[in-house]
Amino acid sequence: MKIGILTHEAQTERCCAVLAALGIEAHPLQRGAAAANSLDGVITDSARLDSTWGTSRAVLLLPPFGSSEVLAGLSADAGAHGTILYPALPLRTLPPMQMLHETLADGRLGRLISVRLEYHVQDSGRPLRDLLIHALDVLHWLTGDDPVDTHIERTPEHWLASLRLGDAYALLDIGRALPPGYSLPEALTLELYGTGGFCRVNAFQQRLTLFDQGMRWEAWTNDSQHYMIEAFIAHLRDGAPLGTIDDWLRAQRWVEELS
Amino acid sequence: MKFKVGIIGAGWIGTWHAERWRRLPVDLVGFYDLHTDAARAAAQRFGGRAFASVEALCAAVDIVHVCSPTPHHHAHALAAAAARKHVICEKPLARTLSDADAIIRACEAAGVRLFVGQVLRFFPQYVRARQLVLDDAIGTPSFIRLLRAAGHPSVNARRTWFKAAEESGGVMLEGGIHDLDYARWVMGDVEQVFARGLTYDNPTGLVGDHALVTLKFASGALGQIEGSWLVTDGRFRQRFEIGGSQGLLQYDSLPDEPFTLVLRDESRPALLPAEPMSSSEEPYAQQLWHVLDCLERDREFRVSPHDGREALRLSLAVLESMRMGRAVHLAEIQ
């Protein structure tokens, strides 16, 4: 498998390192160069169609994504060339989040009662709307439900959104609350209660604890980009599920409604 | 002066406090309980005697510690005030604001002191965090997160009143009131609450109670509280995070690092050591010491009657928001 990388230099190095760890051949690309038609996929941070994508089956788009209109247009243009565009939704790909998804899908928590999700970053320039899109996408991915009946409180650095998801209720706490000295660049924690028990996830601390009949604890590394690229490769290899443009646009639409 | 103390309610919290009273320089005179066998058992275990009536106990003591179930706080505190005895009332001060007001008025009229057992104000981690906020360690506080989670308290036949929402008010009146009081103690007055929760009248079939609460403070800061009686592994947990313009304070009773201070101008987290509590810091004993000290020196309590009333008002606002499905301004709850 061959993957083209079309990003800025530091990002390219990082992507190449991840791909190398997965045993995948990485090809750094030059913007606007001739099409590299032997590529299976492309990883890029450019939200515009590029000739180098060639006949690649799939493109993993790293942020920033631009507006809904830009993203929808780019997706349509790529589709016209037979290429499917996937936005990076890395929170889904973290192993604890995958385990949580499986836990809910298996029905081990029973009927979901409540979800509290806290997603905070150190990056003082990161838009809160962007964080909320990721948070809402995660909720939809986990539960399959659309948020309704929302109530939101805001300060310039912090949003609290209370909403309903099917029969469950949820509280999203997102913002830029992590100070520069914090041990992690971002922190995502979830606590879920269901009729079958409760579950705590500290996704970037890499700890998932599941309480039902007993207690389980597992640990992983905390590089979300690594897992995002791994998921992209798994998708190319055997069609493993991956977040789509529609997922992103849906979450973005909800944020518009909340705003 | 060696105060004479009597405890009304010889259940779990009454005996919990009796264990501490008997180590303090007071005369633990005895107990009253609707269940006379419970009062007798407590007297046998902790000393003193079992009283046949509230009035008899009040006549024999200087301090009445009201540890009865919430719906009885009103009657028991009024009886103590009528006997002109100081009152320590477990939280919540009462089930309703009108009952709380009646207690406060009765104590004022009788010229006796009223202390409300908002014991979180005596937990060393919580006290220290508040002091750090006051000392400007994190700059201007902009948010607070609090959590209190445990299994359901109705573990024995005499505690089934916890399951009756009309009596106990559920998790946000019984447990969450600690966090609501602490949030107000640290962040100032709350302007608005919004809450969703699972109440006893729920379609899940669970005997449980759970709530997710958002707070908007008069300062403009935000807060959120999760209160739960749905914990299935039996492990009690409490947690806070207080964020400000210059840093973040974190405490969680479960992880290895129960107290972490991270400053914005440091390249690495500054860890405050997780000091084991000394026996002198044990919050329940500290609370009782504090009451005795304030009575002896005629000082203000750390928890005023107004604080107890405000904690109750916040809890009732949360319940009202859950019931109405909308944000509730505190001004609506009078």
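Predicted model, so just to flag it, every value in this text is computed and none were measured. (Residues numbered from 1 in each chain as written. Chains lettered and ligands numbered in written order. Predicted model: local features only at pLDDT ≥ 70, side-chain atom pairs only at ≥ 80, totals over all residues. Heavy atoms only, no water.)

### Here we look at the overall build of chain B
A count of helices and strands for chain B gives eleven helices and 14 strands. Within chain B, buried positions represent 60% of all 334 residues. Of all intrachain contacts in chain B linking residues separated by at least 6 positions in sequence, the fraction that spans at least 24 positions is 65%. Here chain B displays about 13,400 Å² of accessible surface, and carbon together with sulfur accounts for 50% of that area. (Helix = DSSP H or I, 4+ residues; strand = E, 2+ residues; numbered from the N terminus. Buried < 20%, exposed > 50% of the residue type's maximum accessible area, 1.4 Å probe, protein only. Contact = heavy atoms within 4.5 Å. Areas by Shrake-Rupley, 256 points an atom, 1.4 Å probe, with all protein chains shown as cover.)

### A closer look at the sheet that holds strand E6 (residues 114-117) of chain B
All names here are of chain B. In spatial order, the strands read E3-E2-E1-E4-E5-E6; together these six strands make up an open sheet with parallel pairing. Looking at which strands have only one partner, the edges of the open sheet turn out to be strand E3 (49-50) and E6. Seen against the sheet, helix H10 (residues 283-297) touches strand E4 (63-66), strand E5 (86-90) and E6 and runs at an angle of roughly 170° to E6. (Pairing = 2+ DSSP bridges. Axes fitted to C-alpha atoms, helices over the stretch in contact; angles between N-to-C directions.)

### Quick notes on the interface of chain B and chain A
Counting from both sides, the interface comprises 43 residues of chain B and, opposite them, 39 residues of chain A. For aspartate 173 of chain A, the salt bridge goes to arginine 145 of chain B, with nearest N and O atoms at 2.6 Å. The interface formed by chain B and chain A holds 14 residue pairs in polar contact (both at pLDDT 80 or more) in total. Broken down by secondary-structure element, the contributors of at least two residues to the side of chain B that touches chain A are strand E7 (141-149), strand E8 (190-198), strand E9 (210-217), strand E10 (222-228), strand E11 (237-244), strand E12 (247-252) and strand E13 (260-263) of chain B. Counting residues per element, the side of chain B that touches chain A draws most heavily on E9 of chain B, at six residues. Its residues assigned to classes, the side of chain B that touches chain A comprises 19 nonpolar, 13 polar and eleven charged. (Salt bridge = Lys/Arg side-chain N within 4 Å of Asp/Glu carboxyl O. Polar contact = N/O pair within 3.5 Å; in protein donor to acceptor, adjacent residues only side chain to side chain. Nonpolar A, V, L, I, M, F, W, Y, C, P; charged D, E, K, R; others polar.)

### Re the packing of aromatic side chains
Residues and elements named next belong to chain B. With the rule as written, the count across this model stands at 15 aromatic pairs over all chains. Centre to centre, the rings of phenylalanine 123 and tyrosine 126 are 6.3 Å apart; their planes meet at 85°, and the pair counts as edge-to-face. Taken as a pair, phenylalanine 123 and tyrosine 126 share a single burial class, namely buried. Among the aromatic residues, ring-to-ring pairing joins Trp12, Trp16, Phe123, Tyr126, Tyr182, Trp185, Phe240, Tyr251 and Tyr284 into one connected group. (Phe/Tyr/Trp six-rings, centres within 6.5 Å; stacked < 30°, edge-to-face > 60°.)

### Describing the nonpolar core
Generally speaking, a soluble globular protein has its nonpolar side chains buried in company with each other. Ranked by internal contacts, the top residues of the largest apolar core, which has 101 residues, are Trp21, Phe31, Ile144, Tyr182, Val193, Leu215 and Ile242 of chain B. Taken domain by domain, the makeup of this core includes at least three residues from each of domain 1 (4-117) and domain 2 (120-285 + 311-332) of chain B. Sequence-distant contacts of valine 193 of chain B, defined by excluding residues within four places in its chain, comprise Thr214, Leu215, Leu314, Ala317, Val318, Ser321, Arg326, Ala327, Val328 and Leu330 of chain B. Leu109, Trp159, Ala203 and Ala251 of chain A belong to the second-largest nonpolar core, a separate cluster that totals 84 residues. (Core = buried A, V, L, I, M, F, W, Y, C linked by side-chain atoms within 4.5 Å. Domains from an automatic or database assignment.)

### Description of the packing of helix H1 (residues 12-21) of chain B against H10 of chain B
Working note: a packed helix pair is described by the angle between its axes plus the distance between those axes. Residues and elements named next belong to chain B. Running from amino to carboxyl end, H1 crosses H10 at an angle of 65°, the nearest separation of the two axes being 9 Å. On the basis of their axis angle, the class for H1 and H10 is roughly perpendicular. In this structure, H1 meets H10 at a crossing whose hand is right-handed. Residues Trp16, His17, Arg20 and Trp21 of H1 pack against Tyr284, Ala285, Gln287, Leu288 and Leu292 of H10. Here the contact of H1 with H10 is composed, by residue class, of six nonpolar, two polar and one charged. (Parallel < 35°, antiparallel > 145°, perpendicular 65-115°, else oblique. Left-handed = near helix turned anticlockwise from the far one by under 90°.)

### What about helix H5 (residues 97-110) of chain B?
All names here are of chain B. Across its 14 residues, H5 extends 20 Å between first and last C-alpha, which sits within 8% of the 20 Å expected from 1.5 Å per residue. Within H5 the residues assigned to the buried category are Leu97, Ala100, Ala102, Ile103, Ile104, Cys107 and Ala110. Taken together, the buried residues of H5 touch helix H4 (70-82), E5, E6 and helix H11 (305-324). Trailing H5 by a residue or two, glycine 111 shows a phi angle of about 70°, which is positive. (Expected span 1.5 Å × (residues − 1).)

### Details of the sheet that holds strand E4 (residues 58-61) of chain A
All names here are of chain A. Taken in spatial order, the five strands of this open sheet run E2-E1-E3-E4-E5, and their pairing is parallel. Across the chains shown, the open sheet's two edge strands, defined by having one partner strand only, are strand E2 (25-28) and strand E5 (84-87). Ignoring strand direction, the axes of neighbouring strands in this sheet form an average angle of 25°. Across four bridges, the pairing between strand E1 (residues 2-6) and strand E3 (residues 41-44) is parallel. Across the sheet, glycine 4 pairs through a bridge with valine 42, a residue of E3.

### Points about the confidence of the model for chain B
Taken as a whole, chain B shows an average pLDDT of 89; of its residues, 87% reach a score of 70 or greater. Contacts from residues 256-277 of chain B, a stretch scored under 50 in pLDDT, to residues over four places away or in other chains number 59 contacts. (pLDDT = per-residue confidence, 0-100.)

### Thoughts on the confidence of the model for chain A
Summary statistics for chain A give a mean pLDDT of 88 and a share of 93% for residues scoring 70 or more. Within chain A, strand E9 (residues 168-175) of chain A carries the highest mean pLDDT (96), whereas strand E13 (residues 215-218) of chain A carries the lowest (54).

### Here's the deal with the pattern of salt bridges
Taken as a whole, this structure holds 41 salt bridges over all chains when the rule is applied. Of the charged contacts, one joins aspartate 179 of chain B and arginine 148 of chain B as a salt bridge, the two residues approaching to 2.8 Å between their closest N and O atoms. One end of the pair, aspartate 179 of chain B, is in helix H9 (residues 176-187); the other, arginine 148 of chain B, is in strand E7, and 31 residues separate them in sequence. In this structure, aspartate 179 of chain B and arginine 148 of chain B share a single accessibility class: buried. Within the structure, one salt-bridge network assembled from shared partners comprises Arg116, Glu118, Asp173, Glu191 and Arg200 of chain A together with Arg145, Glu226, Arg237, Arg239, Glu241 and Asp252 of chain B.

### A short note on unusual backbone geometry
Of note, the bond from proline 63 of chain A into proline 64 of chain A is cis; its omega dihedral lies within 30 degrees of zero at 5°. Locating proline 64 of chain A in the fold gives a position in the loop between E4 and helix H2 (68-80). For the bond running from lysine 91 of chain B to proline 92 of chain B, omega is -10°, close enough to zero to count as cis.

### So, the pairing of E5 of chain B
All names here are of chain B. With four of its five residues buried, E5 lies for the most part within the structure. Sheet topology places E4 next to E5; four bridges connect them, and they run parallel. When the sheet's bridge partners are listed, valine 64 is paired in E5 with valine 87. In this fold, the crossover linking E4 to E5 by way of H4 has right-handed handedness. (Right-handed = clockwise from strand over helix to strand, strands pointing away.)

### Concerning the pairing of strand E11 (residues 197-202) of chain A
Residue and element names in this part refer to chain A. Counting buried positions along E11 gives five out of six residues, so the element sits mostly inside the fold. Here six bridges tie strand E10 (residues 186-194) to E11, and the two strands are oriented antiparallel to one another. Its bridge partner being in E11, glutamate 191 is matched across the sheet by arginine 200.

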